[in-house]
Amino acid sequence: RKEVEQDPGPFNVPEGATVAFNCTYSNSASQSFFWYRQDCRKEPKLLMSVYSSGNEDGRFTAQLNRASQYISLLIRDSKLSDSATYLCVVNKAAGNKLTFGGGTRVLVKP
Amino acid sequence: EAGVTQFPSHSVIEKGQTVTLRCDPISGHDNLYWYRRVMGKEIKFLLHFVKESKQDESGMPNNRFLAERTGGTYSTLKVQPAELEDSGVYFCASSQFISGQGAVHEQYFGPGTRLTVT
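All values reported here derive from a predicted model rather than from experimental measurement. (Residues numbered from 1 in each chain as written. Chains lettered and ligands numbered in written order. Predicted model: local features only at pLDDT ≥ 70, side-chain atom pairs only at ≥ 80, totals over all residues. Heavy atoms only, no water.)

Student: How would you sum up the sheet that holds strand β1 (residues 5–7) of chain B? Please name residues and give values.
Tutor: Residue and element names in this part refer to chain B. Pairing within the open sheet is antiparallel, and its four strands lie in the order β1-β3-β8-β7. Bordering the open sheet on either side are β1 and β7 (65–68), each of which pairs with just one other strand. Each strand of the sheet is rotated relative to its neighbour by a mean of 15°, with strand direction disregarded. Bridge count between β7 and strand β8 (residues 75–79): four bridges; the pairing is antiparallel. If you follow F65 over to β8, its bridge partner there is V79. (Pairing = 2+ DSSP bridges. Helix = DSSP H or I, 4+ residues; strand = E, 2+ residues; numbered from the N terminus. Axes fitted to C-alpha atoms, helices over the stretch in contact; angles between N-to-C directions.)

Student: Mind laying out the state of the cysteines, listing which residues take part and the relevant values?
Tutor: Per the counting criterion, the structure on display carries two disulfides over all chains. Each disulfide pairs two cysteine sulfurs, and for C23(A) the partner residue is C88(A), the sulfurs being separated by 1.8 Å. With C23(A) in strand β3 (residues 19–25) and C88(A) in strand β9 (residues 84–91), this residue pair connects regions lying 65 residues apart in the sequence. The disulfide partner of C23(B) is C92(B), and the S-S distance across this bridge is 1.8 Å. The sign of the S-S torsion, about -60°, decides the handedness of the disulfide formed by C23(B) and C92(B): left-handed. Here C23(B), found in strand β3 (residues 19–24), pairs with C92(B), found in strand β9 (residues 88–95); they are 69 residues apart in sequence, far enough to count as distant. With a relative accessible area of 0%, C23(B) lands in the buried category. (Disulfide = S-S within 2.5 Å. Buried < 20%, exposed > 50% of the residue type's maximum accessible area, 1.4 Å probe, protein only.)

Student: Pulling in residues and values, what's your account of the layout of surface pockets?
Tutor: Of the voids in this model, the largest pocket is the one considered here, and its volume is about 720 Å³. Elements represented by at least two residues in the lining of the largest pocket include exactly β9 and β11 (104–109) of chain A together with β9 and β11 (113–117) of chain B. Per-class residue counts for the lining of the largest pocket are 10 nonpolar, 11 polar and eight charged. By volume, the second largest pocket amounts to about 370 Å³. If you trace the second largest pocket, you find 19 residues lining it, with E3(A), E42(B), I43(B), K44(B) and F45(B) closest to the centre. For the lining of the second largest pocket, the secondary structure elements donating two or more residues are β10 (98–100) of chain A together with β5 (44–50) of chain B. Of the residues belonging to the lining of the second largest pocket, the class tally is eight nonpolar, three polar and eight charged. (1 Å grid on protein atoms, 1.4 Å probe; cavity = no way out; pocket = protein on both sides within 12 Å on 5 of 7 lines; lining within 4 Å. Points joined across faces, edges and corners; volume = space filled by probe spheres on them. Nonpolar A, V, L, I, M, F, W, Y, C, P; charged D, E, K, R; others polar.)

Student: Could you give me a rundown of the sheet that holds β3(A), with the residues and numbers involved?
Tutor: All names here are of chain A. Overall, antiparallel pairing links the five strands, which are arranged β1-β3-β8-β7-β6 in an open sheet. Edge positions in the sheet fall to β1 (4–6) and β6 (55–57), since each has one partner strand and no second. Going from strand to strand, the sheet's axes swing by 20° on average, the running direction of each strand aside. With six bridges connecting them, β3 and strand β8 (residues 70–75) associate as antiparallel partners. Opposite A20, over in β8, you have L74 as the bridge partner.

Student: How would you explain the interface of chain A and chain B if you had to name every residue and give the values?
Tutor: With 21 residues of chain A at the contact, the number on the chain B side is 20 residues. Across the chain A to chain B interface the summed buried area is about 1700 Å²; carbon plus sulfur atoms make up 52%. For chain A, the biggest contributors to the area lost against chain B are N96(A), K97(A) and F100(A); these three give 33% of the whole. Taken together, the links from chain A to chain B amount to two salt bridges. On the surface where chain A and chain B come into contact, there are six residue pairs in polar contact (both at pLDDT 80 or more). Only β4 (32–38), β5 (44–50), β9 and β10 of chain A provide two or more residues apiece to the side of chain A that touches chain B. Top contributing element to the side of chain A that touches chain B by residue count: β4(A), with four residues. A per-class count over the side of chain A that touches chain B returns eight nonpolar, eight polar and five charged. (Contact = heavy atoms within 4.5 Å. Buried area = accessible area lost by both parts, 1.4 Å probe. Salt bridge = Lys/Arg side-chain N within 4 Å of Asp/Glu carboxyl O. Polar contact = N/O pair within 3.5 Å; in protein donor to acceptor, adjacent residues only side chain to side chain.)

Here is the structure:
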């Protein structure tokens, strides 16, 4: 079983719609959680950290459910520029290495 | 502020040859990481430097891979001899050590080096 599991998609989303997707992680000792965005043939870029209380950054909302060990990302009012692969990333308590999911591909269409 | 830079952006070598990848972290970042993505797989951790010291090299695939960070600035990752399965994208990332915040540091990635071994 992978440490971080994501639905690979693609999620085909009409422009202006809302899309949400989750990832699950297996290590209950994980301490930090992030969503990274990766465009085709580019490096991952930090989208947002995910906090226990949930957090929002503009059109993006992230939630963490420690009991069920999943993290969610919701994108409201989708833009064409939101088309990308969204990587769920966790950080274990010991050390700083990041553990990545395989990514969820989102395609926003006009 | 300049981001993480990597050189070269692409490298095509034959099996058995040697390749050296370079990473320049964001200025002032003590933490430097190497990751790799092979075709069809998720990005995986290779190793972590704190300044010039190897903090964690648990992800290094085998002894054909050698990473250095002399002087605690830029880092190199050498693959010798390269094998077909080493093909992939090698990412470098850096983060700033912030005292009192434990092990939670946001990591910033470089553009990667795309390595093709033929």
